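These are the residues of each chain, in order.
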Amino acid sequence: MVMLDHHIVPSRERDYSARWLTEVLGLPAPRHVGPFAAVDLGGETSLYFAGWDEDVPTQHYAFRVGVDDFDRIIDRLVAANIDHWADHTLTEASTVRRDATGNGVYFRSPEGHLLEVLTHG
């Protein structure tokens, strides 16, 4: 069996970006692991936010959640006035995808990473 343990997230503002993500997703506060701000995603997987001095290469991160968690995340996005889209091309503004395949929403982190929250139908 192979499991993802952690992934490094490039960030100019390591602590701010990690805290921002935990607030949007409703996760416990970040913890420090060496030079990283670690966001625990549940199970044994974490995102390690790293300080970055140069241009931050943007990444795509997709988070699968339950339907109830999905609705709470949407509520937090709306309450915080965070732009969000139903599609990965970012053309369906302020909307959420809800269809037979599940629910989905895209939004950008403060660093510009494209984040996706989804459920499976």
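Definitions and cut-offs
- Residues numbered from 1 in each chain as written.
- Predicted model: local features only at pLDDT ≥ 70, side-chain atom pairs only at ≥ 80, totals over all residues.
- Heavy atoms only, no water.
- Axes fitted to C-alpha atoms, helices over the stretch in contact; angles between N-to-C directions.
- Helix = DSSP H or I, 4+ residues; strand = E, 2+ residues; numbered from the N terminus.
- Parallel < 35°, antiparallel > 145°, perpendicular 65-115°, else oblique.
- Contact = heavy atoms within 4.5 Å.
- Nonpolar A, V, L, I, M, F, W, Y, C, P; charged D, E, K, R; others polar.
- Phe/Tyr/Trp six-rings, centres within 6.5 Å; stacked < 30°, edge-to-face > 60°.
- Buried < 20%, exposed > 50% of the residue type's maximum accessible area, 1.4 Å probe, protein only.
- Lys, Arg positive; Asp, Glu negative; His and termini not counted.
- Salt bridge = Lys/Arg side-chain N within 4 Å of Asp/Glu carboxyl O.
- Polar contact = N/O pair within 3.5 Å; in protein donor to acceptor, adjacent residues only side chain to side chain.
- Expected span 1.5 Å × (residues − 1).
- Pairing = 2+ DSSP bridges.

Colleague: Teacher, can you tell me more about the packing of helix H1 (residues 14–25) against helix H2 (residues 67–79) here?
Modeller: The N-to-C vectors of H1 and H2 enclose an angle of 120°; their axes lie 8 Å apart at closest approach. It follows that H1 is oblique to H2 by the angle criterion. Counted together, Glu23, Val24 and Leu25 of H1 and Ile73, Arg76 and Leu77 of H2 form the full contact between these two elements. The residue inventory of the contact of H1 with H2, partitioned by class, reads 4 nonpolar, no polar and 2 charged.

Colleague: When you look at the packing of aromatic side chains in this model, what are you seeing that I'm missing?
Modeller: Aromatic rings in a pair are described by how distant their centres are and how their planes are angled relative to each other. If you walk through the whole model with that rule in mind, you get 2 aromatic pairs. With 6.2 Å between their ring centres and 55° between their planes, Trp20 and Phe107 make a pair best called tilted. A residue pair is termed long-range when its members are at least 10 positions apart, and Trp20 in helix H1 and Phe107 in strand E8 (residues 102–108) qualify at 87 residues. Residue classification places Trp20 among the buried residues on the basis of a relative accessible area of 13%.

Colleague: For this particular structure, what's the right way to read the side chain of Asp87?
Modeller: Of note, Asp87 is situated in the loop between strand E6 (84–85) and strand E7 (97–99). One buried charged side chain, Asp87, makes no salt bridge at all; its nearest oppositely charged neighbour is Arg97, positioned 9.0 Å away. At 2.3 Å, the side chain of Asp87 and the side chain of Thr89 are in polar contact. One polar contact links Asp87 to Thr91, side chain to side chain, over a distance of 2.6 Å.

Colleague: Looking at this structure, how should I read H1?
Modeller: Over its 12 residues, H1 runs 17 Å from end to end, which matches the ideal 16 Å to within 8%, given 1.5 Å per residue. Of the residues trailing H1, Gly26 is marked for its positive phi of about 75°.

Colleague: Looking at this model, I keep getting lost on the sheet that holds strand E2 (residues 31–33). Mind explaining?
Modeller: Sheets are built from strands that pair by backbone hydrogen bonding, the pairs being arranged parallel or antiparallel. Taken in spatial order, the 4 strands make up an open sheet running E1-E4-E3-E2, and their pairing is mixed. Each of the sheet's edge strands pairs with one partner strand only, and the pair in question is strand E1 (6–11) and E2. Here the average twist between neighbouring strands, direction ignored, is 35°. Pairing of E2 with strand E3 (residues 36–40), which is carried by 3 bridges, proceeds in the antiparallel orientation. Among the inter-strand pairings, Val33 is bridged to a residue of E3, identified as Phe36.

Colleague: Even after reading the chapter, I still don't get the pattern of salt bridges, so can you show me in this structure?
Modeller: If the charged atoms of two oppositely charged side chains come close together, the side chains can form a pair. Under the defined criterion, the tally for this structure stands at 6 salt bridges. With a shortest N-O distance of 3.2 Å, Asp99 and Arg97 are connected by a salt bridge. For Asp99, a relative accessible area of 39% gives the class partly exposed.

Colleague: Which parts of the structure should I look at to understand the pairing of strand E9 (residues 114–118)?
Modeller: Look at any regular strand and the pattern is simple: side chains alternate between the two faces of the sheet. The buried count for E9 comes to 5 of 5 residues, which makes it a mostly enclosed element. With burial as the criterion, each face of E9 is covered, one bearing Leu114, Glu116 and Leu118 and the other bearing Leu115 and Val117. Of the strand pairs in this sheet, strand E5 (residues 60–64) and E9 are connected by 5 bridges, and their pairing is parallel. By the bridge assignment, Ala62 is partnered in E9 with Glu116. Taken together, the 5 bridges between E8 and E9 define a ladder with antiparallel strand orientation. Residue pairing in the sheet places Tyr106 in a bridge with Glu116 of E9. Counting the residues between successive antiparallel strands, the hairpin from E8 to E9 contains 5 residues, one of them, Gly112, with a positive phi of roughly 100°.

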